[in-house]
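# Examination of the molecular architecture
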Amino acid sequence: MARYVMALDQGTTSSRCILFDKEGRICSLAKKEFTQYYPQPGWVEHDPHEIWSSQMAVAMEAMSQIGADSDDIDSIGITNQRETTIVWDRRSGNPVFPAIVWQCRRTADMIEQIEKDGMTDVIRRKTGLIPDAYFSATKVRWILDHVDGAREAAERGDLLFGTVDTWLIWRLTKGEVHVTDYTNASRTMLFDIHRRQWDEELLSYFGIPRSMLPEVKPSSCVYGYTSEHLLGRQIPISGAAGDQQAALFGQCCFEKGDVKNTYGTGCFLLMHTGNEAVESGQGMLTTIAVNADGSPGYALEGSVFISGAAIQWLRDEMKILESAAESEIYCYSVPDTNGVYVVPAFTGLGAPYWDQYARGAVLGLTRGAGKAHFIRATVESLAYQAYDVIKAMEQDAGTSLRSLRVDGGACANNFLMQFQADILKGSVTRPSCIETTALGAAYLAGLATGFWADADEIRNNWQVERTFEAELPEERRLLLLKGWKKAVSCTREWAKDL
C-alpha cells in the first residue's frame with residue numbers, strides 16, 4: 001500500500017520535492033537551486049529545461065533518501081511559482097524563449113498602454129487583477145512579438161503556453177496532457193474568474209491564440225499519469241495549485257476569513273473569502289482559492305514582490321552573509337537599525353502601492369551604520385511590507401486581523417517573526433510544518449485519490465509550533481512605521497522616464 005504523497009514544489013529560486021506521510025509529516029526533502037538570469041536591468045529569466053531537470057533530480061533524490069520506490073508513492077501534487085511564462089513547440093517540446101519570470105518588468109510599457117486603451121477596469125472586473133507586468137498575459141504577448149516566427153507558429157497552432165505547473169505536467173506525461181488548475185489560470189490576466197473560463201475579449205486584446213492555452217481543471221483531480229519510464233510506474237498527478245493558494249490550503253485556511261502569510265521569494269498574504277469574489281478598494285487582488293472539498297473558491301491577496309529574495313541578495317550579490325540563516329544572528333547582535341531603512345523594491349512595489357517604477361533604496365545612513373544594522377534593516381523590511389498589505393486588507397474586510405498564520409522559509413527566523421508581531425500589534429502563529437506550500441499540494445493530490453478522506457482528517461494534522469506576541473511599546477512602534485512610510489515614499493516612480 002502506498003505510504004507517501006509526493007509534492008513537487010517548483011519555486012522561483014529552487015526546485016524541491018517533499019514526501020509526506022498520512023499524518024502530514026515530512027519523511028524526506030530534497031532541494032536544488034537553479035540559475036537566475038538577469039539579461040537587462042529589471043529583466044528576470046529561467047531556463048525551462050533546467051526547471052524540469054532540477055525538479056526531476058530532487059524527486060529521485062527524495063525517494064532515494066528513504067529507499068522509496070514508485071509503488072510507495074500514492075500520487076503527485078504540484079505547486080509552483082505563479083505567473084512565470086513558458087511558451088514551447090507542441091511537437092519538439094522545446095521552449096521558443098527562456099521562461100519569463102513573474103518578477104520581470106520588461107512589459108511595463110504594455111501596462112501603460114492598457115491604461116491608455118481603457119482596459120484597466122475591464123481586466124479588473126473580469127480577472128480580479130490590477131494590470132501589471134507581474135502577470136502572464138503581457139509576457140506571452142512579448143514572446144509572440146519579439147521571437148522570430150513565434151506569432152506565425154502560434155497562429156498555426158504549433159505553440160503552447162503554460163505556467164510552470166502546466167510545463168511540468170506536460171513533461172511528466174510525455175506531452176499527453178496540457179492542463180492547468182483554476183488558481184494558476186486566475187493569475188494570467190486572461191481568465192474570467194467569475195465565469196471560470198478563458199476570456200475571448202482579453203485573448204483578442206492581447207493577441208494570443210486560444211489554441212495556445214491549456215485546459216483548466218479543479219486543483220484536486222487526476223490530471224493524468226506520469227510516464228512509467230520516469231519514476232518506475234504510472235503515478236497519478238492529482239493535485240496542482242499556485243504556490244500561495246497551495247500554502248493557504250496547507251495552513252488549513254478553508255473558511256471565509258482565514259488568513260495566512262508566506263515569506264518566500266516574495267511575501268504573499270491571502271484571506272479566504274469563501275464563494276464570494278470580494279472586490280478590493282485598497283490595491284488587493286481578487287483571486288481563486290481552493291475550498292475544503294477541493295472546489296474553487298475565492299481569496300483576497302496582497303503580493304509583495306521581494307521578501308526572502310532580499311536576504312538572498314545580501315548573500316549572493318552583496319556577499320555580506322554566508323547563509324540566509326545567518327541573518328538572524330546579526331539581527332540580534334544590535335539593538336536596532338541605527339536609523340537605517342532598506343526598501344527592497346528591486347522590481348517595483350506590489351500591493352498596496354502597485355508602482356512598477358519604484359526601485360530599491362537604502363535610507364537613513366550615518367557614519368555609525370554598520371553591517372549588522374544593514375542586515376537587520378533588510379530583515380525588518382519583510383515585516384514592514386507585510387504590515388502594509390495587512391492594513392490594506394483589513395480595510396477591505398472591514399475587520400482587524402489579530403492573528404496571522406505564517407509559513408515559508410523566512411518564517412523560521414525568530415527575530416523576524418517577533419518583529420512582525422510587534423509591528424502588527426498582534427499574534428503570529430507558526431505551525432510545526434512550515435513547508436505548507438508543498439503540504440497543500442500534497443493534500444490536494446491525496447484528497448483526489450482517497451489517501452486522505454476529507455478536510456477534517458487534514459485539519460487534525462495541523463499543529464502550532466510557536467506563537468509570537470507583540471511586545472514593542474506603542475510609541476516606538478508608531479515611530480518605526482513613520483520612518484518606513486517616509487522611506488517608501490523616496491522610492492516611488494524612481495525608474496520612470498530614465
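To start, this report covers the structure provided alongside it.

Reading guide: rules and limits
- Residues numbered from 1 in each chain as written.
- Predicted model: local features only at pLDDT ≥ 70, side-chain atom pairs only at ≥ 80, totals over all residues.
- Heavy atoms only, no water.
- Helix = DSSP H or I, 4+ residues; strand = E, 2+ residues; numbered from the N terminus.
- Rg over C-alpha atoms; globule rule 2.2 N^0.38 Å.
- Contact = heavy atoms within 4.5 Å.
- Lys, Arg positive; Asp, Glu negative; His and termini not counted.
- Charge placed at Lys NZ, Arg CZ, Asp CG, Glu CD.
- Phe/Tyr/Trp six-rings, centres within 6.5 Å; stacked < 30°, edge-to-face > 60°.
- Buried < 20%, exposed > 50% of the residue type's maximum accessible area, 1.4 Å probe, protein only.
- Lys NZ or Arg CZ within 6 Å of the ring centre and 35° of its normal.
- Axes fitted to C-alpha atoms, helices over the stretch in contact; angles between N-to-C directions.
- Parallel < 35°, antiparallel > 145°, perpendicular 65-115°, else oblique.
- Pairing = 2+ DSSP bridges.
- Core = buried A, V, L, I, M, F, W, Y, C linked by side-chain atoms within 4.5 Å.
- 1 Å grid on protein atoms, 1.4 Å probe; cavity = no way out; pocket = protein on both sides within 12 Å on 5 of 7 lines; lining within 4 Å.
- Points joined across faces, edges and corners; volume = space filled by probe spheres on them.
- Nonpolar A, V, L, I, M, F, W, Y, C, P; charged D, E, K, R; others polar.

Another point: the overall build of the chain. When its secondary structure is counted, the chain shows 17 helices and 23 strands. In terms of overall size, the chain behaves like a compact globule, its C-alpha atoms giving a radius of gyration of 22 Å where 498 residues would be expected to give roughly 23 Å. Sequence-distant contacts, at least 24 apart, represent 72% of the contacts inside the chain between residues at least 6 apart. Between the mean site of the 49 positive side-chain charges and the mean site of the 65 negative ones, the chain shows a separation of 3 Å.

Considering all chains together, one arrives at 25 aromatic pairs under this definition. The interplanar angle of 85° and the centroid separation of 4.8 Å between the aromatic rings of Phe 451 and Trp 452 together place this pair among those described as edge-to-face. On the accessibility criterion, Phe 451 (9% relative accessible area) is buried. On the accessibility criterion, Trp 452 (0% relative accessible area) is buried. Aromatic ring contacts, followed pair by pair, group Trp 102, Tyr 134, Phe 135, Phe 268, Phe 305 and Trp 354 into a single cluster. Here the guanidinium or amino end of Lys 22 rests over the ring plane of Phe 451, the centre of that ring lying 5.1 Å away. Looking at Arg 405, its charged tip hangs above the ring of Trp 462, at a distance of 3.8 Å from the centre.

For the rest of this paragraph, the subject is the packing of helix α10 (residues 243-250) against helix α15 (residues 436-449). Two packed helices can be described by the angle between their axes and the distance between those axes. Axis separation between α10 and α15 bottoms out at 7 Å; the angle between their running directions is 75°. With respect to α15, the element α10 is oriented roughly perpendicular. Across from Asp 243, Ala 246, Ala 247, Phe 249 and Gly 250 in α10, the residues of α15 making contact are Thr 436, Thr 437, Leu 439, Gly 440, Ala 441, Tyr 443, Leu 444 and Leu 447.

One face of the sheet, then the other: side chains in a regular strand alternate in exactly this way. Burial runs high along strand β18 (residues 296-304): nine of the nine residues are buried. The two faces of β18 match: Pro 296, Tyr 298, Leu 300, Gly 302 and Val 304 on one face and Gly 297, Ala 299, Glu 301 and Ser 303 on the other face are all buried. Both strand β16 (residues 267-272) and β18 contribute to a ladder of six bridges, which runs antiparallel. Note that in β18 the partner of Leu 270 across the bridge is Glu 301. Sheet topology places strand β17 (residues 285-290) next to β18; six bridges connect them, and they run antiparallel. Along β18, the bridge assignment pairs Thr 287 with Ala 299. Counting the residues that bridge the hairpin from β17 to β18 gives five residues, and of these Gly 294 lies at a positive phi of roughly 90°.

Attention shifts here to the nonpolar core. Ranked by size, the top nonpolar core spans 113 residues in total, and within it Leu 190, Ile 208, Met 212 and Tyr 263 carry the most contacts. With 13 residues, helix α13 (residues 371-397) is the single largest residue contributor to this core. With residues up to four places along the chain from it excluded, the contact list for Leu 190 reads Thr 127, Ala 137, Trp 198, Asp 199, Leu 202, Leu 203, Phe 206, Ile 208 and Leu 213. One finds Met 63, Ile 78, Leu 172 and Leu 231 within the second-largest nonpolar core, a separate group that totals 36 residues.

To continue, consider the sheet that holds β16. Spatial strand order, β17-β18-β16-β15-β21-β22-β23: seven strands in an open sheet with mixed pairing. Of all the strands in the sheet, the pair left with one neighbour each is β17 and β23 (464-469). Geometrically, the sheet is characterised by an average inter-axis angle of 30° between neighbouring strands, direction not taken into account. Here five bridges tie strand β15 (residues 259-263) to β16, and the two strands are oriented antiparallel to one another.

Looking now at empty space enclosed by the protein. Taken as a whole and assessed by the stated rule, the structure comprises two cavities of 30 Å³ or more. Size it by volume and the largest cavity reaches roughly 70 Å³. Here the lining of the largest cavity is composed, by residue class, of seven nonpolar, four polar and one charged.

Attention shifts here to the layout of surface pockets. Here the largest pocket is characterised by a volume of approximately 910 Å³. Taken together, 41 residues form the lining of the largest pocket, with Tyr 263, Gly 264, Thr 265, Gly 409 and Ala 410 sitting closest to its centre. Per-element tally for the lining of the largest pocket: the top contributor is helix α11 (residues 308-316), with four residues. Grouping the constituent residues of the lining of the largest pocket by class yields twelve nonpolar, 19 polar and ten charged. The volume enclosed by the second largest pocket comes to roughly 550 Å³. Lining the second largest pocket are 22 residues, with Tyr 38, Ile 306, Trp 313, Glu 317 and Phe 346 sitting closest to its centre.

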